[in-house]
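Coordinate analysis (summary)
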Amino acid sequence: MEAQSESAIIKALSFIKDGSPDLAKKELERAFPSDIENSRLRVFISYCNVWIGAYREIESHTGLERGDFLLIKWNRFEDWTEQSAASFDSDELYESVMFAFKVCVYTRALNEFSQVSSDGDQKFQAEILRKTGLCEKRLGNYDKALGLLREANSLNPGQADILAEMADCLDLCGDSKLAKILYREAFFVDPEKVAIENLDSPLIQDLVSWIRETKNYAGSQMREWLPVYGILLGALNVKRPLKSQEVAHLKQSIYSKENELRGAEKTELIVPRLMNLYLWLMDHYLLSRESTIKINELLLKIKLLDAEIFEEYFK
């Protein structure tokens, strides 16, 4: 019975990678009656049911929505499966099952995005390329993904989501220096547009895990604090000089956020955003060898904004 179950699992994994969770389910169900207490088979079948249902539901969507539906479904699926991972008896088997479903889902999503036409709209084409790049990255094709994301950035430059996913691919390809610069750029431009669940590199995942476990931040707070702790912990420690117009824009952003903070009832998102702006300005002051007076004025602002961050800054 055990041998039959193992054989069924191997065949099911192959069916799933080929995009056929329905055939995988049939194979597993054939083995289940003779090994009814096998939790691996039962949970594996439940995973197949999720994607059989998802592939039926996708037929009610059109165009870009079809690929988007699969990406959203995958993120929810990953969260859901964590609760049943222990049913597979070994991390190796669970990872094999999840990898098979990842290939299944992202291959299908890639196919859906590849069929969408931008009709000459450069911003829309950049969004298609970004999502196509995400699929290629999740399938392990990092160089191809990076090429698609660079093309997306050329069509619609400076978008936080594109920059973050370019950084992710760069780090996965071994260019950590440029990756760190682009991660910081992305979180500076607009943290809310950075989908952390789409970032896979150890650099960012280790940082996310540390913040989640140490500070208990999640969601929008996680995105806002991530670049701050990235700087403090040395994960995002590569700096670049700012152009004069960038410095002017940075100071204007600081002025605006300081005013917003004064009249705000809720400050949990404003404080980390302002702190990130302060740290950018501090980098500029240090790189340009600004006067000690200006540096000390900024240090005082950092201390008044968050004394704990100030202490960690000087560890």
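First, a word on scope: everything that follows refers to the structure included in this document.

Definitions and limits used
Residues numbered from 1 in each chain as written. Predicted model: local features only at pLDDT ≥ 70, side-chain atom pairs only at ≥ 80, totals over all residues. Heavy atoms only, no water. Helix = DSSP H or I, 4+ residues; strand = E, 2+ residues; numbered from the N terminus. Buried < 20%, exposed > 50% of the residue type's maximum accessible area, 1.4 Å probe, protein only. Contact = heavy atoms within 4.5 Å. Polar contact = N/O pair within 3.5 Å; in protein donor to acceptor, adjacent residues only side chain to side chain. Core = buried A, V, L, I, M, F, W, Y, C linked by side-chain atoms within 4.5 Å. Salt bridge = Lys/Arg side-chain N within 4 Å of Asp/Glu carboxyl O. Expected span 1.5 Å × (residues − 1). Disulfide = S-S within 2.5 Å. Arc of directions from axis to C-beta. Axes fitted to C-alpha atoms, helices over the stretch in contact; angles between N-to-C directions. Parallel < 35°, antiparallel > 145°, perpendicular 65-115°, else oblique. Left-handed = near helix turned anticlockwise from the far one by under 90°. Phe/Tyr/Trp six-rings, centres within 6.5 Å; stacked < 30°, edge-to-face > 60°.

Side note on the overall build of the protein
- In terms of regular secondary structure, the protein is built from 15 helices and 0 strands.
- If one aligns the C-alpha atoms of the protein with their principal axes, the spans along those axes are about 80 × 45 × 40 Å.
- Each of the 315 residues in the protein was classed as buried or not, and the buried ones make up 49%.
- Sequence-distant contacts, at least 24 apart, represent 63% of the contacts inside the protein between residues at least 6 apart.

Details of the side chain of Arg 108
- One can find Arg 108 in helix H5 (residues 91-114).
- There is a polar contact of 2.9 Å between the side chain of Arg 108 and the side chain of Glu 112.
- Residues in contact with Arg 108, not counting those within four places in the same chain, are Tyr 55, Ile 58, Glu 59, Arg 66 and Leu 70.

A short note on the environment of Ala 179
- Relative to the assigned elements, Ala 179 resides in helix H9 (residues 176-189).
- Discounting residues that sit within four places of it in the chain, Ala 179 has contacts with Ala 167, Leu 170 and Asp 171.

Looking at the nonpolar core
- Core analysis: the biggest nonpolar cluster contains 59 residues, and Tyr 183, Leu 226 and Ile 302 have the highest contact counts within it.
- For this core, the element with the most residues is helix H13 (residues 270-287), which contributes 10 residues.
- Look past the residues within four positions of Ile 302 in its chain and what remains in contact with it is Met 275, Tyr 278, Leu 279, Met 282 and Phe 310.
- Counting residues in hydrophobic clusters, the runner-up holds 41 residues, among them Leu 28, Ile 45, Ile 58 and Ile 128.

Examining the pattern of salt bridges
- In total, this model carries 25 salt bridges according to the counting rule given.
- The salt bridge partner of Glu 112 is Arg 66, with a shortest N-O separation of 2.8 Å. Of this pair, Glu 112 sits in helix H5 while Arg 66 sits in helix H4 (residues 64-81), and the two are 46 residues apart along the sequence.
- When its relative accessible area of 15% is taken as the criterion, Arg 66 is described as buried.

Observations regarding H4
- Between its terminal C-alpha atoms H4 stretches 26 Å, which fits the 26 Å expected from 18 residues at 1.5 Å a residue.
- Leu 64, Arg 66, Gly 67, Phe 69, Leu 70, Leu 71, Trp 74, Asn 75, Phe 77 and Thr 81 are the residues of H4 that are buried.
- For H4, the secondary structure elements touched by its buried residues are helix H3 (39-57), H5 and helix H6 (122-138).

Some words on the state of the cysteines
- With the rule as written, the count across this model stands at 0 disulfides.
- For the unlinked cysteine Cys 135, the closest cysteine sulfur is that of Cys 169, found at 12 Å.
- Taking relative accessible area as the criterion, Cys 135 reaches 0% and is therefore assigned buried.
- Unpaired in this structure, Cys 169 has its nearest cysteine sulfur neighbour in Cys 173, at a distance of 6.2 Å.

Here we look at unusual backbone geometry
- Residues other than glycine seldom take positive phi values, yet Asp 119 does so here, at roughly 55 degrees.
- By secondary structure assignment, the location of Asp 119 is in the loop between H5 and H6.
- Residue Asp 119 is classed as exposed on the basis of its relative accessible area of 71%.

Quick notes on helix H14 (residues 292-305)
- The terminal C-alpha atoms of H14 lie 20 Å apart, and with 14 residues this matches the ideal 20 Å at 1.5 Å per residue to within 8%.
- Within the span of H14, buried status applies to Ile 295, Leu 298, Leu 299, Ile 302 and Leu 305. Mapping the buried residues of H14 onto a view down its axis gives an arc of 125 degrees, with all of them on the same face. In H14, the exposed positions angled more than 90 degrees off the buried face are occupied by Ile 293 and Leu 304.
- In this structure, the buried residues of H14 make contact with helix H12 (244-262), H13 and helix H15 (307-313).

Describing the environment of Ser 20
- Mapping Ser 20 onto the fold places it in the loop between helix H1 (2-17) and helix H2 (21-31).
- With 35 residues separating them along the chain, Ser 20 and Tyr 55 place their C-alpha atoms 9.8 Å apart.

Digging into the packing of H4 against H6
- Where H4 contacts H6, the two axes come as close as 12 Å, and the packing angle between them is 40 degrees. The orientation of H4 relative to H6 falls into the category oblique. Where H4 crosses over H6, the two elements pack in a sense that is left-handed. Where H4 abuts H6, its residues Leu 64, Asp 68, Leu 71, Trp 74 and Asn 75 lie against Phe 124, Ile 128, Lys 131, Leu 134, Cys 135 and Arg 138.

Description of the packing of aromatic side chains
- Tallying each qualifying case throughout the model produces 18 aromatic pairs.
- On the basis of an interplanar angle of 75 degrees and a centroid distance of 5.4 Å, the ring pair of Trp 51 and Phe 77 is categorised as edge-to-face. Of the two residues, Trp 51 is situated in helix H3 and Phe 77 in helix H4; the sequence distance between them amounts to 26 residues.
- Overall, Phe 77 belongs to the buried group, its relative accessible area being 2%.

Everything listed here is a matter of coordinates, which is why it stays silent on function.
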